[in-house]
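Survey of secondary and tertiary structure
Residue-level listing of the chains:
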Amino acid sequence: AGVDRGEFVLHYQPLVRLADGRVRGAEALVRWQHPEQGLLGPGRFIEAAERSGAIVPLGRWVLVEACRQAAEWWRELGPRAPYVSVNVSPVQLAQADWVAEVTEVMELTSLPPWQLQLEITEQAVLEDEAAATAALSALRATGVRLTLDDFGTGYSGLAWLRQLPVHALKIDGSFIDGLRHRHADPVDRSIVEALIRMAHALDLEVTAEWVETSQQMEQLIALGCDLGQGHWLGRASAAAWVADLWRRNIA
Ligand code: C2E
Ligand code: MG
Ligand code: MG
């Protein structure tokens, strides 16, 4: 119902290539402009929406809006425009017509598939592994980018990860937290290093979440991490910054 009343908005957070500081993409993060309670973060309503099934129309709205926005960047900024990265709920992934919906939305918004990335959690895949893997393979074949979100918090065996059709993984922010200070805990640092090495061994691009300090950024660059996301690199906000930042990067 909130979807019909136009109460949802998307904020975008930069995904930055650590080697040169350029913006590669932007993660779409949904907010609810609640008539009484003000602007609510996803932590306040996604779970309830998943339980009630409202996540299906909400998730579709997010996908359409994010693709529409990314198509605008692509038309304005050309082939190297930032891609948009959209979070997918396990409930959406389990819908039989989900792949068709994604394909249809890309057509509707004239968005080239490589300008769209979908963020999936391990948990979502594990719920119905055969169906999820089939859906991800079908999407991968269309050229959409796929990334595993919050990596390291769940159970993923290496063999499992190896056969999963994804392009990238995002190391959960809780691991990056340990690199906050110059004299980082050596165990935390080793874990992050191992995660980055493992991702690269599997030919996956790797993003670090929750980069909040220059110390974290320097260590991640030294460890060869590909992309970073976090308050140090830019907070989530309304879409206007994306084109501005991209133009400043290029200039
Ligand atoms: P996520 O996908 O892991 O998104 C990253 C979250 O970390 C965002 O919270 C972001 O604002 C926050 N964050 C970014 N930089 C930092 C930092 O430096 N430090 C810390 N402590 N946090 C940082 P947000 O926007 O509250 O979103 C929370 C979660 O809600 C997301 O986690 C995602 O799982 C979910 N979510 C957001 N939008 C959608 C959506 O459209 N659909 C679905 N199904 N889930 C969504
Ligand atoms: Mg995410
Ligand atoms: Mg995450």
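It should be noted that the structure appears before, not after, this text.
Residues numbered from 1 in each chain as written. Chains lettered and ligands numbered in written order. Predicted model: local features only at pLDDT ≥ 70, side-chain atom pairs only at ≥ 80, totals over all residues. Heavy atoms only, no water.

Some remarks on the coordination of the magnesium ion (ligand 3)
Filter applied, for reference: For Na, K and Ca the donor cut-off is 3.2 Å, and for all other metals it is 2.8 Å, counting N, O and S atoms only; because water is absent from this set, sites may look incomplete.
Here the magnesium ion (ligand 3) is held by the protein donor atoms D149 (OD), D150 (OD) and E209 (OE), which lie 1.8 to 2.3 Å from it. For the magnesium ion (ligand 3), the single-chain donor residues occur in sequence as D-D-x58-E. The distance between the magnesium ion (ligand 3) and the magnesium ion (ligand 2) comes to 4.0 Å, with D149 serving as a donor to both metals.

Points about the coordination of the magnesium ion (ligand 2)
Every protein donor of the magnesium ion (ligand 2) is accounted for by E27 (OE), N87 (OD1), E119 (OE) and D149 (OD), and the metal-donor separations fall at 2.0 to 2.3 Å. As a motif over one chain, the donors of the magnesium ion (ligand 2) read E-x59-N-x31-E-x29-D.

Some remarks on the environment of L148
Applicable threshold: The way it works is that DSSP assigns letters per residue, a run of H or I at least four long becomes a helix, a run of E at least two long becomes a strand, and they are numbered from the N terminus. Contacts are residue-level and defined by heavy atoms, with any inter-residue pair within 4.5 Å sufficient.
Within the secondary structure, L148 is located in strand β6 (residues 145–151). Note: C-alpha distance between L148 and G230 (82 residues apart in sequence) is 17 Å. If near-sequence neighbours (up to four positions away) are discounted, L148 is found in contact with I120, T121, E122, W160, L161, L164, A168, L169 and K170.

Observations concerning helix α6 (residues 129–142)
Operational definition: The span one expects for a helix is its residue count, reduced by one, times 1.5 Å. Each residue gets one of three labels from its accessible area relative to the maximum for its type: buried under 20%, exposed over 50%, partly exposed in between, using a 1.4 Å probe on protein chains only. In this description, the arc belongs to the directions extending from the helix axis to the C-beta atoms.
Over its 14 residues, α6 extends 20 Å from the first C-alpha to the last, a length consistent with the 20 Å expected when each residue adds 1.5 Å. Listed in full, the buried residues belonging to α6 are A132, T133, A135, L136 and L139. Within α6, the buried residues cover an arc of 160° as seen down the axis, which keeps them to one side. Away from the buried face of α6 by more than 90 degrees, exposed residues A130 and A141 are located. Looking one or two places after α6, you find G143, whose phi comes out positive at around 105°.

A few points about the environment of V105
In this fold, V105 is placed in helix α4 (residues 98–108). Considered as a pair, V105 and P82 are 23 residues apart in the sequence and their alpha carbons are 18 Å apart. Setting aside chain neighbours within four positions, we find V105 in contact with R60, L63, V64 and C67.

Brief notes about helix α10 (residues 214–222)
Every buried residue of α10 is listed here: Q216, Q219 and L220. The buried residues of α10 occupy an angular sector of 100° when the element is viewed end-on, so they sit on one face. After α10 finishes, the residue G224 shows a positive phi value of roughly 80°.

Topic: the packing of aromatic side chains
Threshold: Two aromatic rings, drawn from Phe, Tyr or Trp (for Trp, its six-membered ring), form a pair once their centres lie within 6.5 Å of each other, and the interplanar angle then sorts them: stacked below 30 degrees, edge-to-face above 60, tilted otherwise. Comment: the charge-over-ring label is applied if NZ (Lys) or CZ (Arg) is within 6 Å of the ring centre and within 35 degrees of the ring normal.
In the structure shown here, the tally under the stated rule is five aromatic pairs. Seen from their ring centres, F8 and W61 are 6.5 Å apart, and the 50° between their planes marks the pair as tilted. Taken together, the positions of F8 in strand β1 (residues 8–17) and W61 in helix α2 (residues 55–77) put the pair 53 residues apart, joining distant regions of the chain. A centroid spacing of 5.3 Å and a plane angle of 75° characterise the contact between Y12 and W73, whose relative ring orientation is edge-to-face. Note that Y12 is positioned in strand β1 and W73 in helix α2, a separation of 61 residues in sequence. Through a chain of ring-to-ring contacts, the aromatic side chains of F8, W32, F45 and W61 assemble into a single cluster. The residue whose ring lies beneath R145 is Y83, and the NZ or CZ to ring-centre distance is 4.5 Å.

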